[in-house]
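Residue-level listing of the chains:
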Amino acid sequence: MTEYETAALNLGYWQIIGAFLQASLGFVIGVVQCGLIYIGLKRMGQASEDRKSQHEEAMEAMKSQHGATMHALDIQREALRELIARTAR
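Quantities reported herein were computed from a predicted structural model and do not represent experimental measurements. Throughout, residues of each chain are indexed from 1 in the direction in which the sequence is written. Note on the predicted model: pLDDT of at least 70 is required for a residue's local features to be given, and 80 or more for side-chain atom pairs to be given and counted; whole-chain, interface and lining totals, by contrast, use all residues. By convention in this description, side-chain values take in all heavy atoms of the structure and omit both hydrogens and water.

(A) Just the overall build of the protein chain, in detail. Assigned secondary structure in the protein chain consists of one helix and zero strands. For a compact globule the rule gives 2.2 Å times the number of residues to the power 0.38, and the radius of gyration it is set against comes from C-alpha atoms. Relative to the 2.2 N^0.38 estimate, which gives 12 Å for 89 residues, the radius of gyration of the protein chain is 38 Å and therefore markedly larger than a compact globule would have. C-alpha extents for the protein chain along the principal axes are approximately 130 × 15 × 5 Å. Within the span of the protein chain, comprising 89 residues, buried residues form 0% of the whole. Here the protein chain contributes 9 positively and 10 negatively charged side chains, and the mean placements of these two sets differ by 18 Å. Here a strand is any run of E in DSSP of at least two residues, a helix any run of H or I of at least four, and the numbering for each starts at the N terminus. Buried residues are those whose accessible area, probed at 1.4 Å on protein chains only, stays under 20% of the maximum for their type, while exposed residues exceed 50% and partly exposed ones sit between those limits. The positive count covers Lys and Arg only, the negative count covers Asp and Glu only, and His and the chain ends enter neither. Where a charge lies is defined by one atom per residue type, namely NZ (Lys), CZ (Arg), CG (Asp) and CD (Glu).

(B) Focus on a negative patch on the surface. Judged by side-chain charge, Glu49, Asp50, Glu56, Glu57 and Glu60 come together as a negatively charged surface patch. Inspection of the secondary structure assignment puts Asp50 in helix H1 (residues 3-87). The residues that make up patches have over 30% relative accessible area and no salt bridge, and they are joined within 9 Å when like-charged or within 5 Å when they are Val, Leu, Ile, Met, Phe, Trp or Tyr. Exposure was quantified through the Shrake-Rupley algorithm and a 1.4 Å probe, taking into account, for residues, occlusion by the shown protein chains and nothing else. When a carboxyl oxygen of Asp or Glu is within 4 Å of a side-chain nitrogen of Lys or Arg, the pair counts as a salt bridge.

(C) Main features of a nonpolar patch on the surface. A cluster of nonpolar residues, Phe27, Val28, Val31, Val32, Leu36, Tyr38 and Ile39, forms a patch on the protein surface that exposes about 720 Å² of accessible area. Among the secondary structure elements, Leu36 is positioned in helix H1.

(D) Quick look at the environment of Glu56. Within the fold, Glu56 resides in helix H1. As a C-alpha pair, Glu56 and Gln76 span 20 residues in sequence and 30 Å in three-dimensional space.

Here it is as structure tokens:
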């Protein structure tokens, strides 16, 4: 085998190793990207659940405040009826 053929075979060998390393690195980067996307989606789901629970708490507080406001309005209505009844005579 000539020196040129030996060099060509060595070059081919290194090209194969380079291609394998490039493909391996691409695979590893792809797996890391998929993992990051999965983590991001999972955190988005958790944030959505947190917002949902906060919304439910706010709605409960508003319902209770609405009940107290309606009770206060009922008291005011009765007081006004009584006032009108007393002054209408």
